Amino acid sequence: MSISALFIVFALLILAGALFQKTARRVLAGFLPGAGPYRAQSVRARKIKERIAVVFLIGCSSIAVLTTIGIILSLVFESARFFTLIPITDFLFGLQWSPQTALRADQVGASGLFGMIPLFAGTLLITCIAMAIAAPVGLMAAIYMSEYASPRARDIIKPCLEMLAGIPTVVYGFFAALTVAPFFRNLGDANGLAISSESALAAGLVMGIMIIPFVSSLSEDVISAVPRSLREGSYGLGATQSETIKQVILPAALPGVIGALLLATSRVIGETMIVVMAAGLAANLTANPFAAVTTVTVQIVTLLVGDQEFDSAKTLAAFALGLVLFFITLALNVIALVIVNKYREQYD
Amino acid sequence: MFRSTIALGAAVALTASLATSAANARDQIRIVGSSTVYPFATVVAEKFGKSSHFKTPVIESTGSGGGFKLFCAGLGEGHPDITNASRAIKKSEVENCAKNGIRNITEVKIGYDGIVIANSRDAEVANLTKRQIFLALAKDIPDGKGGFKANDYIKWSDIDASLPNRKIEVMGPPPTSGTRDAFVELAMEGGCGKIKEIAALKKTDKNIHKAVCQSIREDGAFVEAGENDVLIVRKLEANPNAFGIFGFSFLDQNGDKVQGSLIDGKSPTFENIASGAYGVSRPLFFYVKNDQAKTVPGIREYLAEFASENAWGEEGYLSDKGLIPMPAAERKKYMSDAKNLTTNIMM
Amino acid sequence: MTDSISLPIAASTASKARLASRHAAERRFRIYGLLAVLFGLSCILTLFVTILTGGYNSFSQTVITLDFELDADNIDASDIHGSNFRTIVRRSTYALFPDVTTRQDKRTLANIVSSGAEYQLRDFVIAHPDRIGQTVTLQVPMSDDLDQLSKGVIRAELDESERRVSDIEISWFNSLRDQGKIETVFNGTFFTASDSREPELAGILGAALGSFYTLLVTLALSFPIGVASAIYLEEFAPKNRLTQIIEININNLAAVPSIVFGLLGLAVFLNFFGLPRSAPLVGGMVLALMTLPTIIIAGRAALKSVPPSIRQAAIGLGASPMQTLMDHTLPLAMPGMMTGTILGMAQALGETAPLLMIGMVAFIVDIPGGVTDPATVMPVQIYLWSDSPERAFVERTSGAILVLLAFLVTMNALAVILRKKFETKW
């Protein structure tokens, strides 16, 4: 089994490597007589070649779909077992998440404690804080790099910012827990505000910093790809540079920018370490950024690596959470797609 | 051009490395399990690997629950040989193991882990009783009229005037943690028994008694801080108001930053925990698949290293790492179990 | 370009004011952009400085010079592995302070030298069997506690009860330092060894190689597959409901928590295909699945931003769709695809959660030799060290982070060079 699997992987790899540009043409040229770069080739040969390539491309795209199916399959069975233990309505609409006493079989009143609402509220709160930092900073940085900075400066700034995405989350976690959180707590003490030392604010802020490059780099790419003719047309009409950016370039780059923002949001939703370290694990249902909250993914990880039995409701809850999260983000993505289609401007 | 070269290069490198390390019979012990036992098991594994001609075992840190899940999944090379646990194996897990053909398991207790409540050196040393710990951290406390109310203590001094005039803020492990379970069982339930309203409840309604004794408050006074004890220590250092609950070895290493609180008049020192005078400590275990000792080389030798006085004895190297040794009689029993691979788990 | 052209007529005060306010808005906008960039750069600077100040100590190690008598009583030339080097090291250590006699003090004295000394001595004898019977002088690492004392992390001025090093150890340390036996040297072990539970013997090489193999697999799988998917979805797929579902599905995959990919890897690669546990091959495959959405999304955005006129021109000249793609569209979209790959790989380099399920969060001493050997990766090593009780692991953690960042910088620099090569502005 393992050898055949390795072989499959390897075969895929060869195929994939072969795809690239000129290599592809050369490889295919070897198979098909008469075909070759810039040489006369029969239309038929070209058609076959094209078809092979398209089949390969379809194969590659289907991997993502297969992954999704695999993920659903690996979550759904355990989730079903979870729902035989805990009623699905209690899970979906419960306002209290507290798996602490439900460990034991002889425990009473354990059902109400697996309400997922506080976890999703916490995820939403932290995501909003992070995006409130990353979206404006990232987008403005992208605009500055693409439109104002000299190419030289841009070449330095962009990779520097990209480093932010690669710093291990443990580092951000320590930074959030030991530098940012105490700073906010002291600030709150000085102004008479009760800011918990495990505030959502600290975790969200640091996470926002982490995802700046997701917004800035990807947006920068699409912004600088907007055709120059659009810019020049706009200048020709007397618009200032910032007016051009706001009214011409951004609408043209919108799908890419939204894609970047979505990707950044996804990264925040999936992040665990920073929240565990800076905001703790207490599931409070609150919209107050100064309070401690927890997120869905943090709970999933904590439940999966816990010391409790693996087939207890506690561990199974992790699978159910994963499944629900999957469908919620799916809904969000559908909404985003609708928005993009509505506001997208196609130029050129 | 550049790209295709890279792609091809990667492909070549990959095949080369695949070819050199084709899967052959396992000659290395595989261990999974608790993150609490991890720091001790790894020390033994390293010594074992360096001083014998066997390969150093691979030890994964998966949590006790995940460890048992992997351990009980089946016999054979694809499954681990040993799992570490910070709690004893449960009945359902034994059944799961048996269902998958694993009937001969040896349980080896390796020693004790003290659980301490500590705070920053910048604050005063606290002298707590279990009753006070319960009153500070329980979700519901007696309201004095025969019923219960949500815990409304805000400061330690509200519980007892002798305690510091500081806000109750305790960082501890989440409910999925064995440390939390042990803490609840030893400290909270211990304190519970000291309160007569609750003690009375034990006779009338066991379930409510249990729920009252085991629930920890969720209004922010108890902070669920994850399992990274180093982080808790550093948070305590920054916040003199807070207390933290963690393993003894972290207190031992950070004595300049944090100090352990006295519980029922005893301070959490190595001697006090070992003698049992300090009442909050729990046993640590590992479990071995006896059938796999025949096929995987080195298991017996690894067990012999672990169960030697040089390792888990009173002056062994594990005690240097903060593991509290078992009394001599217990060591003897588990040493013989480990040596003979006695199946001591009842199916 | 933005200079206002002053019109000779009808420049009323109102229009001048409007123009001034428009220019002010322009300046403000530009300043916001600059501030955003500066904010990002200051964050990266702060993080780097924090890590550097915490980590540079890990690159040095306190060593002690000892004389070892390699007598034939303790060393059996035919069985060097089984020889009693522990006794030799003990004897040399006791010889430093002959007046220490009590059992307790001797035990403490023996512990000032790292437990790695006996293995270092063993390796020396294996390399130089001719020295048996002689006395050799070697530098061996001191224990982590004394190393921390020498670096000032453990402070001697504290009360004895508050530190791990006792007064007598400090007096020994000071006397040895005055005799010139103690030195601080470059910590080569850190770069040549694998994980260890003794901080003074722990190194990053095993994890670094693990990361290298894992990322190699990830890149080899996710880049071609990601680019090919992006091309199909953007250039060839019919724009219908099915494609939309695939698009949403891919966006959605980006939001799946990474540990769930670990669950998938456990179910598919380990349980179904029977691939080995803890292997970089499986780790790389799981991370490839995880980074695919990032690469596909970035790749599609990049393809979308190629002006349609380019494609139309190529098609108009008789190029086939594949030729248009290979010769015109793809080269223009390459920088954007590289960006996606950089971000995806950076994420893969820093990821720990999905590796937990497939057994890569582990204590592994042997240095991996290929993609199927048990290995761990750098972020896992960092996480495991950051959770170790020993104080000396704090600086090792930061040191490992520095190495990881060096890895990251190299990787990014490479990608930036590649990106630069393909860049075209319209």
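Predicted model only: the values in this text are computed from it and were never measured.

Q: Where do I start with the overall build of chain B in this structure?
A: The helix and strand tally for chain B stands at 17 helices and 13 strands. Based on the C-alpha atoms only, the size of chain B along its principal axes is roughly 75 × 60 × 40 Å. Taken over 347 residues, chain B has a buried fraction of 52%. Long-range pairs, those at least 24 residues apart, make up 73% of the contacts in chain B between residues at least 6 apart in sequence.

Q: How should I be thinking about the overall build of chain A in this particular structure?
A: A tally of helices and strands in chain A yields 13 helices and zero strands. Put simply, chain A runs from its N terminus to its C terminus through helices and strands in the order α-α-α-α-α-α-α-α-α-α-α-α-α. Long-range pairs, those at least 24 residues apart, make up 70% of the contacts in chain A with a sequence separation of at least 6.

Q: What is the right way to look at the domain arrangement of chain B in this model?
A: Note on interface size: it is often stated as the accessible area lost on association of the parts. Looking at chain B, the domain boundaries give domain 1 (27-112 + 283-340) and domain 2 (114-281). With 12 residues of domain 1 of chain B at the interface, the matching set in domain 2 of chain B holds 13 residues.

Q: Where do I start with helix α15 (residues 378-386) of chain C in this structure?
A: Helical periodicity: at 3.6 residues per turn, an α-helix aligns residues three or four positions apart in one direction. α15(C) sits mainly inside the fold: nine of its nine residues count as buried. Looking at α15(C), one finds that the buried residues are Met378(C), Pro379(C), Val380(C), Gln381(C), Ile382(C), Tyr383(C), Leu384(C), Trp385(C) and Ser386(C). In this structure, the buried residues of α15(C) make contact with α7 (169-190) of chain A, α10 (229-238) of chain B together with α8 (205-236), α14 (353-357) and α16 (392-422) of chain C.

Q: Mind showing me how you'd approach the interface of chain C and chain B here?
A: Each partner contributes to the interface: chain C provides 42 residues, whereas chain B provides 38 residues. Those elements giving two or more residues to the side of chain C that touches chain B turn out to be α8, β4 (362-363), α15 and α16 of chain C. The greatest single-element share of the side of chain C that touches chain B, amounting to six residues, is contributed by α8(C). Of the residues that constitute the side of chain C that touches chain B, the class distribution is 20 nonpolar, 10 polar and 12 charged.

Q: So what exactly am I meant to see when it comes to the confidence of the model for chain A here?
A: Parts of the prediction with low pLDDT should not have their coordinates interpreted in detail. All names here are of chain A. Model confidence for chain A is summarised by a mean pLDDT of 80, while 83% of its residues fall at 70 or above. Element-level mean pLDDT values for chain A span from 45 in helix α2 (residues 21-31) up to 94 in helix α5 (residues 117-148). Note that pLDDT drops below 50 for residues 1-6; the model gives that stretch nine contacts with residues more than four away or on any other chain.

Q: Help me understand the domain arrangement of chain A, please; the structure alone is not making it clear to me.
A: Residue and element names in this part refer to chain A. Here chain A is described as being made up of domain 1 (2-85) and domain 2 (111-343). Facing the nine residues of domain 1 at the interface are eight residues of domain 2. Residue composition of the side of domain 1 that touches domain 2, grouped by class: six nonpolar, one polar and two charged.

Q: Any chance you could explain the sheet that holds strand β1 (residues 60-69) of chain C here in plain terms?
A: The strands making up a sheet associate through hydrogen bonds between their backbones, and the pairing can be parallel or antiparallel. All names here are of chain C. Read from one edge of the open sheet, three strands run β2-β1-β3, paired in antiparallel fashion. Every other strand in the sheet has two partners, leaving β2 (135-141) and β3 (182-186) as the edge strands with one partner each. Here the average twist between neighbouring strands, direction ignored, is 40 degrees. Sheet analysis places β1 next to β2, joined by seven bridges and oriented antiparallel. For glutamate 69, the partnering residue across the bridge sits in β2 and is threonine 135.

Q: Which parts of the structure should I look at to understand the interface of chain C and chain A?
A: Each partner contributes to the interface: chain C provides 96 residues, whereas chain A provides 90 residues. At 19 residues, helix α1 (residues 13-55) of chain C tops the list of elements feeding residues into the side of chain C that touches chain A.

Q: What exactly am I supposed to notice about the packing of helix α8 (residues 200-224) of chain A against helix α13 (residues 321-349) of chain C here?
A: At a minimum axis separation of 9 Å, α8(A) and α13(C) run at an interaxial angle of 170 degrees. It follows from the interaxial angle that α8(A) and α13(C) lie roughly antiparallel. Between α8(A), through Pro213(A), Phe214(A), Ser217(A), Leu218(A) and Asp221(A), and α13(C), the contact on the second element is made entirely by Pro335(C), Gly336(C), Thr339(C) and Leu343(C). Here the contact of α8(A) with α13(C) is composed, by residue class, of five nonpolar, three polar and one charged.

About the thresholds
- Residues numbered from 1 in each chain as written.
- Chains lettered and ligands numbered in written order.
- Predicted model: local features only at pLDDT ≥ 70, side-chain atom pairs only at ≥ 80, totals over all residues.
- Helix = DSSP H or I, 4+ residues; strand = E, 2+ residues; numbered from the N terminus.
- Buried ≥ 20, exposed ≤ 12 C-beta atoms within 10 Å, placed from the backbone.
- Contact = placed C-beta atoms within 7 Å.
- Domains from an automatic or database assignment.
- Nonpolar A, V, L, I, M, F, W, Y, C, P; charged D, E, K, R; others polar.
- pLDDT = per-residue confidence, 0-100.
- Pairing = 2+ DSSP bridges.
- Axes fitted to C-alpha atoms, helices over the stretch in contact; angles between N-to-C directions.
- Parallel < 35°, antiparallel > 145°, perpendicular 65-115°, else oblique.

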